[in-house]
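# Structural overview
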Amino acid sequence: MTNGDKKRKVIFDKFADNLKLLAELGLLPTITPKFERTYICPICLDHFSVEALDQTIKNPLTLEDAPPKSLGGKANSLTCKRCNNHCGQTIDYHLKERMRELDRSQFLPKTEFNAKFEHNGTTVQGTIRIEEDGKITAIHKNKTNHPTKLETFIKNILPDRIINLTFLKTPVDPFKLQLALLKAGFLMTFSKYGYSFILNPTYDRIRQQLQHPEKTSYPKEFWFQPLFPKEIYGVPFITEAGLEAILPIFSLTTKSSERPFATIIPLTIKPIEETILELKNRFEKSSEFSVTMDPMGPNVDYLTNVEAIKKMLTWIDSKKANGTQRKWNDKT
Ligand SMILES: [Zn+2]
């Protein structure tokens, strides 16, 4: 068994047990798991048996990192290979490139980027490298330049001469990079709360959007860069009346930087657009974003603790039934 096999099996067991538990408690009235032990892919909702851990079959269950591994994330759930390939490669790339682009634009140490250098009418290509101590080095390769041109360029570079620099941009799709944030937030929610509410049709919009990254169907303003202390990072609930939502908060790390992100995942009580609008209005009122949040007890296991699961679902239901009348006190 490889390390990957072991990791997949542990995650499969955790979520298959959670699904079984919820089904036995009668909390999934519309879902009948297809197998004795079933894992449902949170993105396409296909049912998989333990056989799907065999990586040689056509569409096995694969490790999913949320946020992406390349930005410091860890594997915390499984998605089927089809979903993983489709949403992973096509959207995560744009988030990673954007983070690197931000590092470069701030000239952060340990960054490297391609640029065009122009002096006295001669243009050459090269790479700029910012070292750990902030020293900037320009590298010109014969391979990417006309040798005579490069020679003339270098000969003419004397101290105090001005060189014009044009940065060569990587093709980042601004919508896809946001989808990568949505996927990270959605899968972090699944990883923390299991199947308790994620199978609800409310989340089909997120699933549809992730499966069809070419078509824009989800609102774009579901994320922001928070200034919360690190202790709150995780998957808290915003419990404040009128603003109720799930708020996965995580940091994206590169060689040179660490940036916090928060994504708004709606509850099953109202459309995402309403939640976003309410939070936006709140932002406009005060630049400091302080709302009542329930960190949902870092020590409470929402996959196995029946009391905690029921309390959470009762709270969500109470919001649906009579708006903001009932208060929820989580003392577990
Ligand atoms: Zn899938």
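Details of the structure are given in the entry above.
These numbers come from a predicted model, not from an experiment.

Quick look at the sheet that holds strand E13 (residues 258-263) now. Strand order in the open sheet formed by three strands is E9-E13-E12, with antiparallel pairing between adjacent strands. Strand pairing shows two members of the sheet lacking a second neighbour, strand E9 (223-224) and strand E12 (249-253), which therefore form its edges. As paired elements, E9 and E13 share two bridges and run antiparallel to each other. In the sheet register, Phe224 faces E13, and the bridge partner there is Ala262. Sheet strands in contact with helix H4 (residues 174-193) are E9, E12 and E13, and its direction is about 130° off that of E12.

Looking now at the pairing of strand E4 (residues 75-80). Counting buried positions along E4 yields five of six residues, so the element is predominantly enclosed. Where strand E3 (residues 61-65) lies against E4, five bridges are found, and the strand directions are antiparallel. In the sheet register, Asp65 faces E4, and the bridge partner there is Ala75.

Only Cys41 (SG), Cys44 (SG), Cys80 (SG) and Cys83 (SG) from the protein reach the zinc ion as donors, at distances of 2.3 to 2.4 Å. For the zinc ion, the four donor atoms in the first shell make angles of 102 to 121° at the metal, a pattern classed as tetrahedral. Sequence spacing of the donor residues for the zinc ion, all on one chain, is C-x2-C-x35-C-x2-C. With a gap of 39 residues between them, Cys44 in the loop between strand E1 (39-40) and strand E2 (47-48) and Cys83 in helix H2 (residues 81-105) connect regions that are remote in the sequence. Taken individually, Cys44 and Cys83 each receive the classification buried, so the pair is uniform in this respect.

What follows covers a nonpolar patch on the surface. A cluster of nonpolar side chains, Phe107, Ile136, Leu165 and Phe167, forms an exposed patch at the surface whose accessible area comes to about 360 Å². With respect to the secondary-structure elements, Ile136 resides in strand E7 (residues 136-139).

We now examine the sheet that holds E7. Hydrogen bonds between backbone groups are what pair the strands of a sheet, and the pairing can be parallel or antiparallel. Taken together, the four strands give an open sheet; going across it, the order is E7-E6-E5-E8, and neighbouring strands pair in antiparallel fashion. Unpaired on one side and paired on the other, E7 and strand E8 (164-167) mark the two borders of the sheet. Within this sheet the neighbouring strands show an average axis-to-axis angle of 35°, counted without direction. Both strand E6 (residues 122-130) and E7 contribute to a ladder of four bridges, which runs antiparallel. Across the sheet, the residue bridging to Arg129 is Thr137, located in E7. Seen against the sheet, helix H3 (residues 147-156) touches strand E5 (111-119) and E6 and runs at an angle of roughly 70° to E6.

All right, on to the packing of aromatic side chains then. Enumeration over the complete set of coordinates arrives at 17 aromatic pairs. Consider the rings of Tyr193 and Phe237, whose centres lie 5.3 Å apart with planes at 80°: the pair is edge-to-face. Here Tyr193, found in helix H4, pairs with Phe237, found in strand E10 (residues 237-238); they are 44 residues apart in sequence, far enough to count as distant. In this structure, Tyr193 and Phe237 share a single accessibility class: buried. Arranged with centres 6.4 Å apart and planes meeting at 85°, the rings of Phe197 and Phe237 form a pair that is edge-to-face. Of the two residues, Phe197 sits in helix H5 (residues 195-198) while Phe237 sits in strand E10, which places them 40 residues apart along the sequence. Just as Phe197 is buried, Phe237 falls in that class too.

Turning our eyes to something else, we now look at the packing of H2 against H4. Two numbers describe how H2 lies on H4: the axes approach to 7 Å, and their chain directions differ by 105°. Taken together, the axes of H2 and H4 lie roughly perpendicular to each other. Packed against H2, whose contacting residues are Cys87, Gly88, Thr90, Ile91, Asp92, His94, Leu95 and Arg98, the element H4 presents Lys176, Leu177, Leu179, Ala180, Leu181 and Lys183 at the interface. Taken together, the residues that form the contact of H2 with H4 break down as seven nonpolar, three polar and four charged.

Counting 78 residues, the largest nonpolar core has Tyr39, Tyr195, Phe197, Phe237 and Leu247 as the members making the most contacts within it. Looking at this core, the element that brings in the most residues is H4, giving 12 residues. The next biggest cluster of nonpolar side chains, apart from the first, holds eight residues, and it includes Phe113, Ala115, Val124 and Ile128.

In this structure, Pro67 follows Ala66 across a cis peptide bond, with omega equal to -10°. In this structure, Pro67 sits in the loop between E3 and E4. Positive phi values are uncommon outside glycine, yet Leu45 reaches one of about 65°. Among the structural elements, Leu45 can be located in the loop between E1 and E2. Taking relative accessible area as the criterion, Leu45 reaches 27% and is therefore assigned partly exposed. A positive phi angle is found at Asn120, which is not glycine, with a value near 55°. Within the element layout of this structure, Asn120 appears in the loop between E5 and E6. For Asn120, a relative accessible area of 63% gives the class exposed.

Definitions and limits used
- Residues numbered from 1 in each chain as written.
- Predicted model: local features only at pLDDT ≥ 70, side-chain atom pairs only at ≥ 80, totals over all residues.
- Heavy atoms only, no water.
- Pairing = 2+ DSSP bridges.
- Helix = DSSP H or I, 4+ residues; strand = E, 2+ residues; numbered from the N terminus.
- Contact = heavy atoms within 4.5 Å.
- Axes fitted to C-alpha atoms, helices over the stretch in contact; angles between N-to-C directions.
- Buried < 20%, exposed > 50% of the residue type's maximum accessible area, 1.4 Å probe, protein only.
- Donors = N, O, S within 2.8 Å, 3.2 Å for Na, K, Ca; no water.
- Tetrahedral: all angles 85-135°; square planar, octahedral: opposite > 155°, others 65-115°.
- Patch = residues over 30% accessible without salt bridge, like charges linked within 9 Å, V, L, I, M, F, W, Y side chains within 5 Å.
- Areas by Shrake-Rupley, 256 points an atom, 1.4 Å probe, with all protein chains shown as cover.
- Salt bridge = Lys/Arg side-chain N within 4 Å of Asp/Glu carboxyl O.
- Phe/Tyr/Trp six-rings, centres within 6.5 Å; stacked < 30°, edge-to-face > 60°.
- Parallel < 35°, antiparallel > 145°, perpendicular 65-115°, else oblique.
- Nonpolar A, V, L, I, M, F, W, Y, C, P; charged D, E, K, R; others polar.
- Core = buried A, V, L, I, M, F, W, Y, C linked by side-chain atoms within 4.5 Å.

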